[in-house]
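Chain residues, written in single-letter form:
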Amino acid sequence: MKIINAGIQDTIQDSGRYGNQHLGINPTGAMDKYAMQITNALVGNHAKEAVLEMHFPAATIMFSQSALIALGGADFSPTINGEPVPVLHPIIVNKNDILQFHKPINGARVYLAVAGGISVKSWMDSRSTNLKAKVGGFNGRKLQKDDHVLFRLAYPYPATQKEFSVLPWKADIKVPSSSQHEETSQLFYILPGFEWSQLTTESKEQLTNNSFELSQQSDRMGYRLNNIPLITTLKDEVISSAVSFGTIQLLPDGKLIILMADHQTTGGYPRVGHIISAHHSKLAQLKSGDTIQFRLTDLQNAEELFINQQQHLLQLQNACSFRLKEYFKQKN
Amino acid sequence: MNQNKLPYSIFSLGDAAITIDFGNMIDQTINHQVISRFHQLRENPFLGIIDIVPAYSSITIHYDIAKIRHLNSGTETAFETVEKLLEEKMMQSVPERTIEKRLIKIPVCYETEYAPDLLQFLSAKNMSREELVALHTQKTYNVFMIGFLPGFAYMGEVDEKIAMPRKPQPNIVAAGSVGIAGKQTGIYPLISPGGWHVIGRTPLKLFDANREEPILLKAEDSVQFYSISKVEYENY
């Protein structure tokens, strides 16, 4: 496919570069891994296959060959050749079809999966773009106008239609916060962090009772929150140690930051809490100005919610691969 | 003290990682234990481990919740299972590794052009550039951990006379910048915001994606700095 116009930040991402954090190499990977996995499932890919992650404004893309594609995560009102197409459906596109995005309806990051996957060189076992280290993905950078992104496989099905076609089934998932609900803040479950107990009683209450707005400084590295400064009773500096996706750190000015996909491997700020894994997907679909709330939970509940999510994904993968097989069997 | 018997605590780092903590401090004995445990786990990992991250005085294991829950058939939380597996590992003593202790010599240009914080540092310390260079190059430093950025080595400890708390406001720091924060010294592998006082710059690449070993330094390496001139830096 060819990038006709670049978006604000379009990068190739997969499930992340793990196993090298002891070298300081941060995992990167898709912000919304769940959306990435679902989008891959829709085109019959392995869950970890590399996809294109786009923010709004997103790229305008021309397909250089027939392909089975799907869009997932955010809804930026996509069109193909000017005609609206839905997210979360498999779509067969033909050579010279043009995919565009017009307006953010909900969410912050859309994923484009292509059957067979995107062909970029793997570096340290991952195709994810590490923008800071300028490595991985497409030459270690975001996509630019006139870039040609190759697919790993030729279109595996006979091209029968003249027009692009939206296949008639949809991945059944809860969509991220829609714009109609922008007033209400979203709830995120958190687990207490190691330095949680060092927060003053008042600060603990603020953390679990207040709403927090995502500041303008919110990107793939982390979301800074606009909050009343929180206070700890910590006297000593915290010595650097590992952090994780979803870790909520307390910065020296009392503000909070939630670490996201491009977070560094280690940090020395107090870790007041961690957003549970099952909520990382909706976390990844937030943008500056959105408001959120935190509620404490326990590990048992966090794990149950994650397992439920994974089971749902597994069902979806099975259903998608069955539907695809049936569909193309009929076509032949 | 038998280094295998150092006291530690275990706590969760969110729902998909666990940290073994030997006390919030910079100490070579503790760090040696951390690195030994890291190698023990790397060589004999249990199923479900995604990443092992040693730091100054802690080691963190990122794990796959679903895999662990599959292994324990959901009879307990993944955290409980990983905690038990780690407790077992910690009961085992770590055999002393026969490692060649690497000594890596790193050229540094301590000229103001490559050291944006040098003049301020010298005036705060009321010392000459020569004194600073002598103090910074005279010691052999231990690499305690790699973290923050690809290949960023946390080294220590610098002479008390050149220890300095980090800057209140971070600014953009060039790749190769050599900095001081507290009693730590380190090198920025990439251009990055940074809060360490930059007192020099090395022409060496701490991180090079195209090199067979992209990362130059690793934990427990010994590092010595030596001073080079501006001309030497530019022709390196």
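No experiment lies behind these values; they were computed from the predicted model shown.

Parameters and conventions
Residues numbered from 1 in each chain as written. Chains lettered and ligands numbered in written order. Predicted model: local features only at pLDDT ≥ 70, side-chain atom pairs only at ≥ 80, totals over all residues. Heavy atoms only, no water. Helix = DSSP H or I, 4+ residues; strand = E, 2+ residues; numbered from the N terminus. Areas by Shrake-Rupley, 256 points an atom, 1.4 Å probe, with all protein chains shown as cover. Lys, Arg positive; Asp, Glu negative; His and termini not counted. Charge placed at Lys NZ, Arg CZ, Asp CG, Glu CD. Pairing = 2+ DSSP bridges. Axes fitted to C-alpha atoms, helices over the stretch in contact; angles between N-to-C directions. 1 Å grid on protein atoms, 1.4 Å probe; cavity = no way out; pocket = protein on both sides within 12 Å on 5 of 7 lines; lining within 4 Å. Points joined across faces, edges and corners; volume = space filled by probe spheres on them. Nonpolar A, V, L, I, M, F, W, Y, C, P; charged D, E, K, R; others polar. Contact = heavy atoms within 4.5 Å. Buried area = accessible area lost by both parts, 1.4 Å probe. Salt bridge = Lys/Arg side-chain N within 4 Å of Asp/Glu carboxyl O. Polar contact = N/O pair within 3.5 Å; in protein donor to acceptor, adjacent residues only side chain to side chain. Domains from an automatic or database assignment. Buried < 20%, exposed > 50% of the residue type's maximum accessible area, 1.4 Å probe, protein only. Phe/Tyr/Trp six-rings, centres within 6.5 Å; stacked < 30°, edge-to-face > 60°.

Overview of the overall build of chain A
Then, in step 1: Looking only at helices and strands, one finds 4 helices and 22 strands in chain A.
Then, in step 2: Along the first, second and third principal axes, the C-alpha set of chain A runs to 70 × 35 × 30 Å.
Then, in step 3: Here chain A has roughly 13800 Å² of accessible surface; of this, 50% comes from carbon and sulfur atoms.
Then, in step 4: Separation of charge centres in chain A, based on 31 positive and 29 negative side chains, amounts to 7 Å.

Looking at the sheet that holds strand S19 (residues 256-259) of chain A
Residues and elements named next belong to chain A.
Then, in step 1: Read around the barrel, 7 strands follow the order S14-S21-S18-S19-S16-S15-S22 and close on themselves; strand pairing throughout is mixed. Shown here is a sheet whose adjacent strand axes are inclined to one another by a mean of 40 degrees, direction ignored.
Then, in step 2: Pairing between strand S15 (residues 211-218) and strand S16 (residues 222-226): 3 bridges, direction antiparallel. By the bridge assignment for S16, Glu213 is matched with Asn226.

Some words on empty space enclosed by the protein
Gaps left between atoms are located by rolling a probe of water-molecule size over the structure's atoms.
Residue and element names in this part refer to chain A.
Then, in step 1: Enumeration over the complete set of coordinates arrives at 1 cavity of 30 Å³ or more.
Then, in step 2: The computed volume of the largest cavity comes to approximately 30 Å³.
Then, in step 3: Residue lining of the largest cavity: Gln65, Ser66, Ala67, Leu68, Val114, Ala115, Phe151, Leu153, Ala154, Tyr155 and Pro156, and that is the complete set.
Then, in step 4: Grouping the amino acids of the lining of the largest cavity by side-chain chemistry returns 9 nonpolar, 2 polar and no charged.

Some points on the interface of chain A and chain B
Then, in step 1: Contacts between chain A and chain B engage 38 residues on the former and 45 residues on the latter.
Then, in step 2: Of the roughly 3500 Å² buried between chain A and chain B, counting both surfaces, carbon and sulfur atoms make up 62%.
Then, in step 3: The largest contributions to the chain A side of the interface with chain B come from His22, Ile239 and Glu303 of chain A, which together make up 19% of the buried area.
Then, in step 4: For the pair chain A and chain B, the interface holds 2 salt bridges.
Then, in step 5: One salt bridge in this structure joins Glu303 of chain A and Arg69 of chain B, with 2.8 Å as the shortest N-O distance.
Then, in step 6: Here chain A is connected to chain B by 15 residue pairs in polar contact (both at pLDDT 80 or more).
Then, in step 7: Sorting the residues of the side of chain A that touches chain B by element identifies strand S17 (241-242), strand S21 (271-275) and helix H4 (299-331) of chain A as the ones contributing at least two each.
Then, in step 8: Here the side of chain A that touches chain B takes 7 residues from H4 of chain A, the largest share from any one element.
Then, in step 9: Residues that form the side of chain A that touches chain B fall into these classes: 18 nonpolar, 15 polar and 5 charged.

Thoughts on the pattern of salt bridges
Then, in step 1: If you walk through the whole model with that rule in mind, you get 16 salt bridges over all chains.
Then, in step 2: Across the pair Lys2 of chain A and Asp146 of chain A runs a salt bridge, and its minimum N-O distance is 3.9 Å. Of the two residues, Lys2 of chain A is situated in strand S1 (residues 2-5) and Asp146 of chain A in the loop between strand S11 (118-119) and strand S12 (150-151); the sequence distance between them amounts to 144 residues.
Then, in step 3: Measuring nitrogen to oxygen at the nearest pair gives 2.6 Å for the salt bridge that ties Asp221 of chain B to Arg102 of chain B. Residue Asp221 of chain B is found in the loop between strand S12 (197-201) and strand S13 (222-228), and its partner Arg102 of chain B is found in the loop between helix H3 (78-91) and strand S5 (103-109); the two are separated by 119 residues along the sequence.
Then, in step 4: Salt bridges sharing partners connect three or more residues here, namely Glu53, Arg220 and Asp262 of chain A.

Digging into the domain arrangement of chain B
Buried accessible area, meaning the area lost when the parts come together, often serves as the stated size of an interface.
Residue and element names in this part refer to chain B.
Then, in step 1: The domain architecture assigned to chain B consists of domain 1 (3-91) and domain 2 (103-234).
Then, in step 2: The centre of domain 1, based on its C-alpha atoms, is set 31 Å off from the matching centre of domain 2.
Then, in step 3: Taken together, the 9 residues of domain 1 in the interface contact 9 residues of domain 2.
Then, in step 4: Summing the contributions of domain 1 and of domain 2, the shared interface buries around 830 Å²; its carbon and sulfur component is 59%.
Then, in step 5: When the buried area of domain 1 at its contact with domain 2 is split by residue, Ile26, Ile35 and Tyr56 rank highest and sum to 55% of it.
Then, in step 6: The interface formed by domain 1 and domain 2 holds 3 residue pairs in polar contact (both at pLDDT 80 or more) in total.
Then, in step 7: Among the residues forming the side of domain 1 that touches domain 2, the class breakdown is 5 nonpolar, 3 polar and 1 charged.

A word on the pairing of strand S10 (residues 106-114) of chain A
Residue and element names in this part refer to chain A.
Then, in step 1: Within S10, 9 of the 9 residues are buried, which leaves the element mostly enclosed by the surrounding structure.
Then, in step 2: Bridge count between strand S3 (residues 51-54) and S10: 3 bridges; the pairing is antiparallel. The partner of Glu53 across the bridge, within S10, is Tyr111.
Then, in step 3: Across 6 bridges, strand S5 (residues 67-75) lies against S10 in antiparallel orientation. Its bridge partner being in S10, Gly73 is matched across the sheet by Val110.

Regarding the domain arrangement of chain A
Residue and element names in this part refer to chain A.
Then, in step 1: As assigned here, chain A comprises domain 1 (2-176) and domain 2 (179-297).
Then, in step 2: If you average the C-alpha positions of domain 1 and of domain 2, the two centres end up 28 Å apart.
Then, in step 3: Every contact between the two is made by 26 residues of domain 1 and, on the other side, 17 residues of domain 2.
Then, in step 4: Glu53 is the partner of Arg220 in a salt bridge, and the nearest nitrogen-oxygen pair spans 2.8 Å.
Then, in step 5: At the boundary of domain 1 with domain 2, the tally comes to 11 residue pairs in polar contact (both at pLDDT 80 or more).

Regarding the packing of aromatic side chains
Then, in step 1: This structure, assessed with the given rule, holds 18 aromatic pairs over all chains.
Then, in step 2: Between Phe76 of chain A and Phe101 of chain A the ring centres are 6.5 Å apart and the planes differ by 85 degrees, which places this aromatic pair in the edge-to-face class. Residue Phe76 of chain A is found in the loop between S5 and strand S6 (78-80), and its partner Phe101 of chain A is found in strand S9 (residues 98-101); the two are separated by 25 residues along the sequence.
Then, in step 3: In this structure Phe101 of chain A comes out as buried when scored by relative accessible area, which is 9%.
Then, in step 4: Ring geometry for Tyr154 of chain B and Trp196 of chain B: centres 5.7 Å apart, planes at 70 degrees, overall edge-to-face. On the criterion of sequence distance, the pair formed by Tyr154 of chain B in strand S7 (residues 153-156) and Trp196 of chain B in the loop between strand S11 (192-194) and S12 is long-range, its members being 42 residues apart. When sorted by exposure, Tyr154 of chain B lands in the same class as Trp196 of chain B, which is buried.
Then, in step 5: The rings of Tyr56, Phe144, Phe148, Phe152, Tyr154, Tyr188 and Trp196 of chain B are connected pair by pair, giving a single aromatic cluster.

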